[in-house]
Amino acid sequence: MKQVVVLSGKGGTGKTSFLASFAALAGECVLADCDVDASNLAILAGGLEGEEEPFFGEGVARVDPELCSRCGKCEEACRFHAVAIPRAPGGEPAGPARVVEIACEGCGLCGIVCPEGAITMEDRRSGTLVVAESRHGPIVHARLLPGEGNSGKLVTMVREKAKGIAAGKGLDLVLVDGSPGIGCPVISSLADVDGAFLVAEPSVSALHDLERIHQLLERFQVRACLVLNKFDLQPGVGERILAFCREAGIFPAGKVAFDPLFLEALQEGRSIVEFAPGSRPAQAVEEAWRGGKEFLKI
Ligand code: SF4
Ligand code: SF4
């Protein structure tokens, strides 16, 4: 089984739109949407609704008011200011310690320093994992609740689930929609993959993003190819991006020109290769898929 991730340095480059096309071109495969902070692959590939599973990220501290002696040690220890003792105007404690749930990072330090054993950690639901059927095969995606963190852990859960489904159904390709950026969720998106498609637009910031992603890919020893989207909007910068890729060993799989058909396809909730098969942009995406597939040996 091969796992291939589609990445971009930032959101809005067309990453998910390309991935939906690749899924349509690949035949039956498993899709893993690891952009858990703004999951939207299922809008384009289908499979928004499915079986749901709760995701528990960090725990949250709970204070037993009966045991709390109002000593203030938890308040002093918490660097996130997530636990505090209500105080009277004169500063003296006016009640047992209280936890501000949204600020609590679940580190558990307050429970360690509490002399009364008044603090315990409880599970907190941070999101939902969804397994559904897209038009191209099973899809796994997730929704992180507002304000919740630990998306790297949720990404790993999405990846594991997708891998398990592929193994169970005998499917030999998992296409992973990676998180944007270079932080923890991206690292979870690309750990253990067999290759990466990078999607970039011709801008100076995209070049900078590519340089950073390249460092990450090198560290993980992942082969990568590039799809340059809207290359005709700034051809000069596009050439600089391609020159960087040549130097860095990133294979230029394809260049796709700006085309309003992409927007129409998005409005219809379809990938370009399904919405306008045979059109100029659909052909460019197909070429990029074929070129990248060959280079990455998918
Ligand atoms: S450390 Fe324990 S006893 Fe002291 S204020 Fe916090 S919860 Fe109460
Ligand atoms: S678990 Fe950590 S973040 Fe949460 S209240 Fe306790 S010390 Fe603060």
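Residues numbered from 1 in each chain as written. Chains lettered and ligands numbered in written order. Predicted model: local features only at pLDDT ≥ 70, side-chain atom pairs only at ≥ 80, totals over all residues.

### Re the overall build of the protein
Definition in use: Secondary structure elements are defined from DSSP: runs of H or I of at least 4 residues count as helices, runs of E of at least 2 residues count as strands, and each element is numbered from the N terminus. Counts of 20 or more other C-beta atoms within 10 Å of a residue's own C-beta define buried residues, counts of 12 or fewer define exposed ones, and intermediate counts define partly exposed ones; C-beta atoms are placed from the backbone. Here, residue contact means that the backbone-derived C-beta atoms of the two residues sit within 7 Å.
A tally of helices and strands in the protein yields eleven helices and 13 strands. The buried share of the protein, taken over its 298 residues, is 43%. Sequence separation of 24 or more characterises 76% of the internal contacts of the protein that already satisfy a separation of 6 or more.

### Let's talk about the domain arrangement of the protein
This is how the line gets drawn: For every domain, the bounds stem from an assignment made automatically or drawn from a database.
Segmenting the protein into domains produces domain 1 (2–56 + 127–296) and domain 2 (60–122). A C-alpha centroid distance of 43 Å is found between domain 1 and domain 2.

### Thoughts on the packing of helix 1 (residues 15–26) against helix 11 (residues 280–296)
Where we set the bar: Axis angles are defined between N-to-C directions and span 0 to 180 degrees, where every axis is a line fitted to C-alpha atoms and, for a helix, only to the segment in contact. Any angle between 65 and 115 degrees counts as roughly perpendicular, while under 35 counts as roughly parallel, over 145 as roughly antiparallel, and the rest as oblique. Polarity classes work like this: nonpolar for Ala, Val, Leu, Ile, Met, Phe, Trp, Tyr, Cys and Pro, charged for Asp, Glu, Lys and Arg, and polar for all others, with Gly in that last group.
Two numbers describe how helix 1 lies on helix 11: the axes approach to 10 Å, and their chain directions differ by 70°. In terms of their interaxial angle, helix 1 and helix 11 are classed as roughly perpendicular. Only V285, E286 and W289 of helix 11 make contact with helix 1, whose side of the interface consists of F18, S21, F22 and L25. Along the lines of polarity and charge, the residues of the contact of helix 1 with helix 11 split into five nonpolar, one polar and one charged.

### Digging into the site of ligand 2
We apply this condition: In this entry, near means the residue's backbone-placed C-beta atom lies within 6 Å of the molecule or strand.
As a matter of local geometry, ligand 2 sits amid 14 residues, with C78, A82, C104, C107 and C110 nearest to it. Counted by class, the shell around ligand 2 contains eleven nonpolar, two polar and one charged residues.

### A word on the packing of helix 7 (residues 204–220) against helix 8 (residues 235–248)
Convention followed: Left-handed is the label given to a crossing in which the near helix is rotated counterclockwise from the far helix by less than a right angle, and right-handed is the label when the rotation is clockwise.
Relative to each other, helix 7 and helix 8 sit at 10°, their axes nearing to 9 Å. When the axis of helix 7 is compared with that of helix 8, the two are roughly parallel. The hand of the helix 7/helix 8 crossing is right-handed. Residues V204, A206, L207, L210, E211 and H214 of helix 7 form the contact with helix 8, whose participating residues are V237, R240, I241, F244 and A248. Counted by class, the contact of helix 7 with helix 8 contains eight nonpolar, one polar and two charged residues.

### Looking at helix 1
To keep it simple, the criterion reads: Given a helix with a known number of residues, its expected span is that number minus one, times 1.5 Å.
A rise of 1.5 Å per residue sets the reference length of helix 1, with its twelve residues, at 16 Å; its end C-alpha atoms lie 16 Å apart and thus fit the reference within 8%. Among the twelve residues that make up helix 1, ten are buried, leaving the element largely enclosed by the rest of the structure. Turning to helix 1, its buried residues number three or more, namely K15, T16, S17, F18, L19, A20, S21, F22, A23 and A24. Of the residues one or two after helix 1, G27 is the one with positive phi, at around 85°.

### Re the site of ligand 1
Taken together, the neighbourhood of ligand 1 is formed by 15 residues, with C68, C71, K73, C74 and C114 sitting nearest. Tallied by class, residues from the shell around ligand 1 come to ten nonpolar, two polar and three charged.

### Let's talk about the environment of H214
Its place among the elements puts H214 in helix 7. Sequence-wise, H214 and R143 are 71 residues apart; in three dimensions their C-alpha atoms are separated by 28 Å. When residues no more than four places from it in sequence are discounted, the contact partners of H214 are A248 and I250.

### Quick look at the sheet that holds strand 1 (residues 2–7)
What counts here: Only strands joined by at least two bridges in the DSSP assignment are considered to pair.
Pairing is mixed across the open sheet formed by nine strands, whose spatial order is 3-8-9-2-10-1-11-12-13. Looking along the sheet, the strands with just one partner apiece sit at the ends: strand 3 (51–56) and strand 13 (251–256). Pairs of neighbouring strands in the sheet enclose a mean axial angle of 20°, with direction left out of account. Both strand 1 and strand 10 (residues 173–177) contribute to a ladder of five bridges, which runs parallel. Directly across from V5, in strand 10, lies its bridge partner V176. Together, strand 11 (195–200), strand 12 (224–229) and strand 13 form the strand contacts of helix 8, whose direction differs from that of strand 12 by roughly 175°.

### Some remarks on the pairing of strand 1
Summarising burial for strand 1: five of the six residues are buried, a large majority. One ladder, built from four bridges, connects strand 1 with strand 11; its direction is parallel. Bridged to L7 within strand 11 is L198.

### A few points about the environment of G137
Note on placement: G137 falls in strand 9 (residues 137–144). Taking the C-alpha atoms as reference points, G137 and L233, 96 residues apart in sequence, are found 34 Å from one another. Those residues in contact with G137, other than ones at most four positions away along the chain, are E28, C29, V30, L31 and L171.

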